[in-house]
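Read off the chains here:
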There are 2 protein chains.
Amino acid sequence: MILPYDDTYFMKKALQEAEYAFERGEIPVGAVIVIQDRVIARGHNLTEQLNDVTAHAEMQAITAASNFLGGKYLKGCTLYVTLEPCQMCAGALYWSQIDKIVFAASDTKRGYGAMGTQLHPKTTITGGVLENEAADLLRRFFDKRRN
Amino acid sequence: MILPYDDTYFMKKALQEAEYAFERGEIPVGAVIVIQDRVIARGHNLTEQLNDVTAHAEMQAITAASNFLGGKYLKGCTLYVTLEPCQMCAGALYWSQIDKIVFAASDTKRGYGAMGTQLHPKTTITGGVLENEAADLLRRFFDKRRN
């Protein structure tokens, strides 16, 4: 059986959000939260526009998903995000007890892995889904900003 | 010279915020952000009311302070918070490059220290200011919730 909805499908939705961030002059990171193959929340980085370090894509998606579900725990949900979560976002995901996190590009400097942030024991995490596409978008952004 | 504004003075303001949280049935944690002896932001835990794990006192104070300053970096600022920050809040404070963090009660289970969260190298941190008052308020809250 061919499944129409797989990790690549949803990561493309997150990449679309990252492109919106790019167009707004924000570091291009996007995220969606999915439950039972349905996107219930979207977010993209807005730290510049909102002048707020807490306005990462994941944080906005977590708030939106909780709002949609009417509860603060994201049990049964998967977060797709185009860049490995930072300490803050991984810390928020810890509290949310989310089932699964899928990220695209790694962040070897400020990612939760390098920083040693702890995820909730109930949460599984995978990286590398559409990694090149996400990394290319980030590279284009920083190249453009330098020139 | 007697300084009217010291850490105890501002921690009392944070405790006042924690009491507002208590009255609303929220885990009683409060925070204020101060620049040049002036409180520019306040916040108290609203995770239950907002159904949102990201609604910690510190996160709201960070957003409010950035809004007040019109910039996302909290240079020159001090955060006073009644409980040791968690991974999420310490991660947000990392991005903010805040000068100083002062907390009251320690959180030996979920605090940034126990969880190994990294602060920004520019940030200094002190704990224990009005520790008993903050811990008592938390104890009263959990006693009340159990009964």
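Model, not experiment: these values are computed from the prediction. (Residues numbered from 1 in each chain as written. Chains lettered and ligands numbered in written order. Predicted model: local features only at pLDDT ≥ 70, side-chain atom pairs only at ≥ 80, totals over all residues. Heavy atoms only, no water.)

**A few points about the relation of the copies chain B and chain A**
Mapping chain B onto chain A is achieved by rotating through 180° and translating by 0.0 Å along the same axis, at an RMSD of 0.0 Å. Expressed as an axis order, the relation between the two copies is that of a two-fold axis. Within chain B, Met-88 of chain B has its C-alpha nearest the rotation axis, a separation of 2.0 Å. (Least-squares fit on C-alpha atoms with pLDDT ≥ 70 in both.)

**Here's the deal with the environment of Ile-101 of chain B**
All names here are of chain B. Tracing the backbone shows Ile-101 in strand β4 (residues 100–105). For Ile-101, a relative accessible area of 0% corresponds to the buried category. Note: C-alpha distance between Ile-101 and Thr-78 (23 residues apart in sequence) is 5.6 Å. Once residues lying within four places of it in the same chain are set aside, the contact partners of Ile-101 are Leu-79, Pro-85, Leu-93, Leu-119, Thr-123, Thr-124, Ile-125 and Thr-126. (Helix = DSSP H or I, 4+ residues; strand = E, 2+ residues; numbered from the N terminus. Buried < 20%, exposed > 50% of the residue type's maximum accessible area, 1.4 Å probe, protein only. Contact = heavy atoms within 4.5 Å.)

**Describing the packing of aromatic side chains**
Residues and elements named next belong to chain A. Across all of its chains, the model carries 14 aromatic pairs over all chains by this definition. With 5.2 Å between their ring centres and 85° between their planes, Phe-141 and Phe-142 make a pair best called edge-to-face. On the accessibility criterion, Phe-141 (5% relative accessible area) is buried. Lys-75 extends its terminal NZ or CZ atom over the ring of Tyr-73, reaching a point 5.3 Å from the ring centre. (Phe/Tyr/Trp six-rings, centres within 6.5 Å; stacked < 30°, edge-to-face > 60°. Lys NZ or Arg CZ within 6 Å of the ring centre and 35° of its normal.)

**Description of the UniProt feature "domain: CMP/dCMP-type deaminase" (unreviewed entry) in chain A**
The UniProt record marks residues 5–115 of chain A with the feature "domain: CMP/dCMP-type deaminase" (unreviewed entry), using the residue numbering of this structure. Structurally, residues 5–115 of chain A is divided into 40% helix and 23% strand, and its ends, taken at the C-alpha atoms, are 32 Å apart. (UniProt positions renumbered as here; feature names shortened; annotations may be inferred.)

**Let's talk about the nonpolar core**
Counting 85 residues, the largest nonpolar core has Ile-33 and Leu-79 of chain A together with Ile-33 and Leu-79 of chain B as the members making the most contacts within it. If near-sequence neighbours (up to four positions away) are discounted, Ile-33 of chain B is found in contact with Arg-38, Val-39, Ile-40, Ala-41, Ala-61, Ile-62, Ala-65, Leu-74, Cys-77, Thr-78 and Leu-79 of chain B. (Core = buried A, V, L, I, M, F, W, Y, C linked by side-chain atoms within 4.5 Å.)

**Quick notes on the packing of helix α1 (residues 7–23) of chain A against helix α5 (residues 131–146) of chain A**
All names here are of chain A. Following both chains from N to C, one finds α1 and α5 inclined at 5°, their axes separated by 11 Å at the closest point. With respect to α5, the axis of α1 lies roughly parallel. Seen from α1, the contacting residues are Leu-15, Ala-18, Glu-19 and Phe-22; seen from α5, they are Glu-133, Ala-134, Leu-137, Arg-140, Phe-141 and Lys-144. Of the residues belonging to the contact of α1 with α5, the class tally is six nonpolar, no polar and four charged. (Axes fitted to C-alpha atoms, helices over the stretch in contact; angles between N-to-C directions. Parallel < 35°, antiparallel > 145°, perpendicular 65-115°, else oblique. Nonpolar A, V, L, I, M, F, W, Y, C, P; charged D, E, K, R; others polar.)

**Remarks on helix α5 (residues 131–146) of chain B**
Owing to its 3.6 residues per turn, the α-helix brings residues three or four apart onto one side. Residue and element names in this part refer to chain B. Between its terminal C-alpha atoms α5 stretches 23 Å, which fits the 22 Å expected from 16 residues at 1.5 Å a residue. Three or more residues of α5 are buried, namely Ala-134, Ala-135, Leu-137, Leu-138 and Phe-141. Each buried residue of α5 sits inside an arc of 155° when the element is viewed along its axis, so together they form one side. Opposite the buried face of α5, at more than 90 degrees from it, the exposed residues are Asn-132, Lys-144 and Arg-146. The secondary structure elements touched by the buried residues of α5 are α1 (7–23), β3 (77–83) and β4. (Expected span 1.5 Å × (residues − 1). Arc of directions from axis to C-beta.)

**A closer look at helix α3 (residues 87–96) of chain B**
All names here are of chain B. With nine of ten residues buried, α3 is to be regarded as a mostly interior element. Of the positions making up α3, those classed as buried are Gln-87, Met-88, Cys-89, Ala-90, Gly-91, Ala-92, Leu-93, Tyr-94 and Ser-96. Of the residues one or two after α3, Gln-97 is the one with positive phi, at around 55°.

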